[in-house]
Every structure is written in C-alpha cells, then in structure tokens.
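# Observations on chain architecture
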Amino acid sequence: MSFSLPDFRRKWSCRGYMSARAAMVTVALGLSLVLAEKAEARKYAAPLDIFGLGAPPRPRTAVHSSKIPLPKPRPEEAPKATDEAAPETEGKPAPDKPSGKPAEAAPPPEKQLSACRLALTEEIAVAPSIPDIRGPGACGGEDLVRLEAIVLPDKRKVAVKPAAILRCTMASAIADWVRKDMVPLATSLGTTVSDLDNFDSFECRGRNRIAGAMLSEHGKANALDVRAIKLANGQSIGLTDRTLSREVRERVLHSVCARFSTVLGPGSDWYHEDHIHLDLAQRRNDYRICQWNVWDPLPQVAPLLPAERPEEAPPREVAAKPDAKEGADDEAAEKSSPPEDKPVSGKKDQPHKPATKKRR
C-alpha cells in the first residue's frame, strides 16, 4: 500500500476537516460533562474522582439538621406535681399570656398639701381648693383657692361678693386682715362686718389692662381690689368715699399698708380712684409700695355757691347803679326806692356810695 500526500489530500480533503470538527465537539461535550459532575460532586459525595477535578463535597448546612438538646428526664424520686399551687395563681394572668382585660392606669399620686392650705381651715375661711391654672403668658398659679367667706371668731361669716380666686397665701392674708383689723374697726362704730365688696381678683391681663404691659399680680391670682366693706347695720365703709370720716379711712390705710406689699388707691394713678388694690408681690429687699392719699371730706356746702344776702343790704337796683348817672336817673331811683331807704336828714349833700358784698 502506497501513501502519498497528494493522494491523501484528494481522498481526505473534506473528511479530514469534518473529523477535526467532530473531535472538537467531542472534547467540548466531555468538558461539559466533567463540569456537571463537578457541580454534582459539591452536593453529593463522589466515590471516585478519576480525573481529580472534583473538589471535596461541601457539607450541607448543619444548623437546621442539628439536634435540639432535650431536657433531662424527671428523676423517679421527685415529687409529683399537685394542684396545691393552683389557688395561689388563680386569678393572676400568666406573665407571657396577655390578659383579656385592659390594664388599669395607676392613679396619680396625691398632691401634697401646702403649709398654707393646712393652716387655712374651715374655722378661718370658706375657701375650697381649686385645680392649678396654666394660662397663656405665665398666667395662673398653683395652690389656688376660691375664697367664698371669712369666718369670724364668733362663727359668723363675712361673705366675699363675688367669690375671689386667689393663691392660698393671699386668701389667708385677706382673712387675717378682716378678722383682726376690720372687725375691731366695725366694733368701734357699734356694729360688725357683713360683706366684703370684691371689685376684681384673678384675671389674666397686663397691668392696668394695657396691651403689652407687664403681667399684673391679678394674672398671678396674687391680688384683690376692694371697693367697700359693708356693715351689719346697713352702712358701708367706702374706702375711697370722701363723705366718710377721714379717721376711719386712715385706720384702714394703716392696716393694709402693714399687711400687704402693694397698696394702690387715690393719688397713685387714675386707674385706682374708685377702689383699693392689694397684693403680695415679692420684690428685692422686701420693698413695699403704699400709695393712697386719704382726701379730706367734701364740704357740706359747695364753695361755688354765693353766700346768702344779708337783710340790711340795699336793694339790688340801687347797688347796681354806677355813680356817673345823671340826676334824672337819681330822681327815678328815689321814687322807686322804699321810704326806709331815703337818706337821713343832715346827709343830703353827701353822695351815695354803692354797697359792696364781702366774700365769706
């Protein structure tokens, strides 16, 4: 058998190429199978690795397949569980199980009473406590009461009309002032106190009701405006009444200026001409303000009215005539004048002088 290159090319020109392609396809298929087996080997342990391409198989995650430790068996000598503990836990829900009823909110702790509230008893004043007030601009306050009446030592009550909303300390000061100062004053007048005229107490506002002014002590429930103190006999002590005795008003002035840190009345400004302002404002060095002018009583007769004309005064027509008038007018005046007004004998030549009125 002879072999030559031309003969080979003539016989195997196409088949040679086809066989080479087939070999390449075969190699590619083999590699794909090897890779597939390698991937399978990761999941399952391969008994044989002929080509050495398979990596050692990865174990499956052992977290889920690990065994959960079980509790130790109960020893035989342990006492058996009984139902004796059932009554103790009966009615108490388990801590892990939510109860069907909603949990009740714990009641708020009771507020501690202040020393003033403990001292302001029903034997001194009818002043029930009210909730704290939290208004705009720091209005309001704590430890507030509604002062309705002041109880006197003889158990009679002085009504505060209308009831005043005040701090406990201010209400206590008002009660002491009425009990220790106003009752003796009324006793000296032969009567006793019945009512206290409250003009203004708590009101969230600026001073003198001016917009933008500093917060008034009324806005802090620390002030009271008083117009009058009514007596049991029907009379009234008007604190700014000029027809009232000056001595009585001065006694009221000295009493309030000794008890309160601020007293404003007539003479301080025109806002306090018809009432007296009392408060317990705290100032540096315990500074106090007492501005109240006790005016003199008004006169019984108005000074603008003329005094009564005396009987000995000449008639108004004669007194009103000027000296420069002629004799004709004088003759007419003499005729019209009554006979008692004629000049006395011996004084005819003297000119008549008009009468003058003296002021009294």
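Note: the structure precedes this text.
Residues numbered from 1 in each chain as written. Predicted model: local features only at pLDDT ≥ 70, side-chain atom pairs only at ≥ 80, totals over all residues. Heavy atoms only, no water.

## Describing the overall build of the chain
Across its full length, the chain carries 7 helices and 12 strands. The buried share among the 360 residues of the chain stands at 24%. Contacts in the chain between residues at least 24 apart in sequence constitute 59% of all its contacts with a sequence separation of at least 6. Summed over all atoms, the accessible surface of the chain reaches about 27700 Å², with 57% contributed by carbon and sulfur. (Helix = DSSP H or I, 4+ residues; strand = E, 2+ residues; numbered from the N terminus. Buried < 20%, exposed > 50% of the residue type's maximum accessible area, 1.4 Å probe, protein only. Contact = heavy atoms within 4.5 Å. Areas by Shrake-Rupley, 256 points an atom, 1.4 Å probe, with all protein chains shown as cover.)

## Let's talk about the side chain of Thr191
Structurally, the position occupied by Thr191 is in the loop between helix H4 (168-188) and strand S7 (193-200). Residue classification places Thr191 among the buried residues on the basis of a relative accessible area of 12%. If sequence neighbours within four positions are ignored, Thr191 has contacts with Ala186, Leu231, Ala232 and Asn233.

## Digging into the nonpolar core
If you look at soluble globular proteins, the nonpolar side chains tend to sit buried side by side. Of all hydrophobic cores here, the largest spans 44 residues; its most connected members are Leu147, Ile174, Trp177, Phe260, Leu278 and Trp292. Those elements that place two or more of their residues in this core are strand S5 (144-151), strand S6 (157-167), H4, S7, strand S8 (223-231), helix H5 (246-259) and strand S11 (276-279). The element contributing the most residues to this core is H4, with 12 residues. (Core = buried A, V, L, I, M, F, W, Y, C linked by side-chain atoms within 4.5 Å.)

## A few points about the packing of H4 against H5
Across the interface, H4 lies against H5 with an axial gap of 11 Å and an inter-helix angle of 165 degrees. On the basis of their axis angle, the class for H4 and H5 is roughly antiparallel. Like other packed secondary-structure pairs, H4 and H5 cross with a definite hand, here right-handed. Taking contact as the criterion, the partners of Asp176, Trp177, Lys180, Asp181, Met182, Pro184, Leu185 and Ser188 in H4 are, on H5, Val248, Arg251, Val252, Ser255, Val256 and Arg259. (Axes fitted to C-alpha atoms, helices over the stretch in contact; angles between N-to-C directions. Parallel < 35°, antiparallel > 145°, perpendicular 65-115°, else oblique. Left-handed = near helix turned anticlockwise from the far one by under 90°.)

## Some details on the packing of aromatic side chains
Counted by the stated rule, this structure contains 2 aromatic pairs. Ring geometry for Trp177 against Phe260: centres 6.4 Å apart, planes inclined by 80 degrees, an arrangement best described as edge-to-face. Taken together, the positions of Trp177 in helix H4 and Phe260 in the loop between H5 and strand S10 (262-264) put the pair 83 residues apart, joining distant regions of the chain. Comparing Trp177 with Phe260, the two get one shared label, buried. Ring centres 4.4 Å apart and planes at 25 degrees place the aromatic pair Trp270 and Tyr271 in the stacked group. For Trp270, a relative accessible area of 66% translates into the label exposed. (Phe/Tyr/Trp six-rings, centres within 6.5 Å; stacked < 30°, edge-to-face > 60°.)

## Some details on H4
Under the 1.5 Å per step criterion, the end-to-end length of H4 is 30 Å for 21 residues, consistent within 8% with the ideal 30 Å. Considering bend angle alone, the principal kink of H4 is centred on Met182 and spans about 35 degrees; proline Pro184 follows within four residues of it. Where H4 is concerned, the buried positions are Cys168, Met170, Ala171, Ala173, Ile174, Ala175, Trp177, Val178, Met182, Val183, Leu185 and Ala186. Gly190 sits one or two residues past H4 and shows a positive phi near 85 degrees. (Expected span 1.5 Å × (residues − 1). Bend = angle between axes of the 7 residues up to and from the residue.)

## Points about the state of the cysteines
Scanning all chains against the criterion turns up 3 disulfides. Each sulfur in the disulfide pair Cys116 and Cys168 lies 2.2 Å from the other. Handedness of the Cys116-Cys168 disulfide follows from its S-S torsion of about -95 degrees: it is left-handed. Placement of the pair is Cys116 in helix H3 (residues 115-119) and Cys168 in helix H4, with a sequence separation of 52 residues. The two residues Cys116 and Cys168 agree in class, both being buried. (Disulfide = S-S within 2.5 Å.)

## Structural notes on the pairing of S7
By the criterion of burial, S7 is predominantly enclosed, with 6 of the 8 residues buried. In the sheet, S6 pairs with S7 via 3 bridges, with the strands oriented parallel. Following the sheet pairing, Ala159 is matched in S7 by Asp195. Of the crossover connections in this fold, the one passing from S6 over H4 to the parallel S7 is left-handed. (Pairing = 2+ DSSP bridges. Right-handed = clockwise from strand over helix to strand, strands pointing away.)

## A few points about the side chain of Arg117
Tracing the chain through its elements places Arg117 in helix H3. Here Arg117 occupies a buried position and makes no salt bridge, while the nearest side chain of opposite charge, Asp143, is found at 5.9 Å. In terms of polar contacts, Arg117 uses its side chain to reach the backbone carbonyl oxygen of Ala127, at 2.7 Å. Among residues more than four places away in sequence, those in contact with Arg117 are Ala127, Pro128, Ser129, Asp143, Val145 and Cys168. (Lys, Arg positive; Asp, Glu negative; His and termini not counted. Salt bridge = Lys/Arg side-chain N within 4 Å of Asp/Glu carboxyl O. Polar contact = N/O pair within 3.5 Å; in protein donor to acceptor, adjacent residues only side chain to side chain.)

Honestly, it's all geometry; don't read function into it.
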